[in-house]
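Inside the fold
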Amino acid sequence: MLRITFALLLFTSFTLHGQSKQDSTILAAAREIMDASPTCVLITLDKKIPRARTMDPFKPEKDFTVWLATNPNSRKVKEIKKNATVTLYYQDGENGYVSLYGRATLVDEQSEKDRRWKAAWSAFYPNRNDAYLLIKVVPAKLEVISYKRGINGNDKTWQPETFVFHKSTN
């Protein structure tokens, strides 16, 4: 009985809410880098090439969903309407980086826009009812390198550590 109790205790110490200790470490490192980065790069796809631009994201939510704002007439909106697959790239100086891959949704609900409004955006969106649109990025996968936490990727291939998000069954 003592062995079973010890084995259960050992097993539970390596899993947190269905995630392994390694997954929890990867996610903690990713969140740390994302929180430390004042901007990120949003990468969309047009017919010919990927398009990248610097964005002012909100901090990632608990499930790593990220919200951004844009002009509804911008090129990125047209690209997301045609292909919702996007990448968000965050860099924290020399500490590392996060690439978050996911699906973007355009959100034009006024209550959501009011809830997520940043006063610093007033100069960019003088008419925040019509000239302001949200982009919601739901993550599918992320990759992280965090030198600070010793997450350096594969020595031979340089492949970063990866976490795949599973769709909720709720």
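Residues numbered from 1 in each chain as written. Predicted model: local features only at pLDDT ≥ 70, side-chain atom pairs only at ≥ 80, totals over all residues. Heavy atoms only, no water.

A few words now on the confidence of the model for the chain. Confidence in the prediction of the chain, expressed as mean pLDDT, is 86, and 86% of residues score 70 or more. Note that pLDDT drops below 50 for residues 1-18; the model gives that stretch 5 contacts with residues more than four away or on any other chain. (pLDDT = per-residue confidence, 0-100. Contact = heavy atoms within 4.5 Å.)

Below, the discussion takes up the packing of aromatic side chains. Scanning the entire structure with this criterion turns up 10 aromatic pairs. A ring pair is formed by Phe-64 and Phe-165, whose centres lie 5.7 Å apart and whose planes are at 55°; its orientation type is tilted. Here Phe-165 lies in the segment after β9 (161-164) and Phe-64 lies in the loop between β4 (50-55) and β5 (66-70), a separation of 101 residues in the sequence. On the basis of an interplanar angle of 65° and a centroid distance of 6.2 Å, the ring pair of Trp-117 and Tyr-125 is categorised as edge-to-face. Taken together through their ring pairs, the aromatic side chains of Phe-58, Trp-117, Trp-121, Tyr-125 and Tyr-132 make up a single cluster. The ring of Phe-64 is capped by Arg-31, whose NZ or CZ atom sits 4.2 Å from the centre of that ring. Lying across the ring of Phe-58, Lys-118 places its NZ or CZ 4.7 Å from the centre. (Phe/Tyr/Trp six-rings, centres within 6.5 Å; stacked < 30°, edge-to-face > 60°. Helix = DSSP H or I, 4+ residues; strand = E, 2+ residues; numbered from the N terminus. Lys NZ or Arg CZ within 6 Å of the ring centre and 35° of its normal.)

Residues Leu-88, Leu-142 and Val-144 are the most contacted members of the largest nonpolar core, which totals 26 residues. Elements with a contribution of two residues or more to this core: α2 (21-36), β3 (40-45), β5, β6 (85-92), β7 (96-107) and β8 (133-146). Residue contributions to this core peak at 6 residues, all from α2. Excluding residues within four positions of it along the chain, Leu-142 makes contact with Ile-26, Leu-27, Ala-30, Phe-64, Val-98, Ser-99, Leu-100, Glu-161, Thr-162, Phe-163 and Phe-165. One finds Phe-58, Ala-69, Trp-117 and Leu-134 within the second-largest nonpolar core, a separate group that totals 9 residues. (Core = buried A, V, L, I, M, F, W, Y, C linked by side-chain atoms within 4.5 Å. Buried < 20%, exposed > 50% of the residue type's maximum accessible area, 1.4 Å probe, protein only.)

As a further point, take the environment of Arg-31. Within the fold, Arg-31 resides in helix α2. The spacing of Arg-31 and Val-144 is 113 residues in sequence and 9.8 Å in space, taken between C-alpha atoms. The contacts of Arg-31, once residues within four sequence positions are left out, are Pro-60, Glu-61, Lys-62 and Phe-64.

Peptide bonds are trans in most cases, and residues, glycine excluded, mostly fall at negative phi. A positive phi is found at Phe-64, a non-glycine position, where the angle reads about 75°. Backbone geometry places Trp-158, a non-glycine residue, at a positive phi of 65°.

Okay, the environment of Val-77 next. Tracing the backbone through its elements, the reader meets Val-77 in helix α3 (residues 75-82). With a relative accessible area of 2%, Val-77 lands in the buried category. As for Val-77 and Leu-133, which are separated by 56 residues in sequence, their C-alpha atoms are 9.0 Å apart. Setting aside its immediate chain neighbours within four residues, Val-77 contacts Thr-70, Asn-71, Pro-72, Leu-106 and Leu-133.

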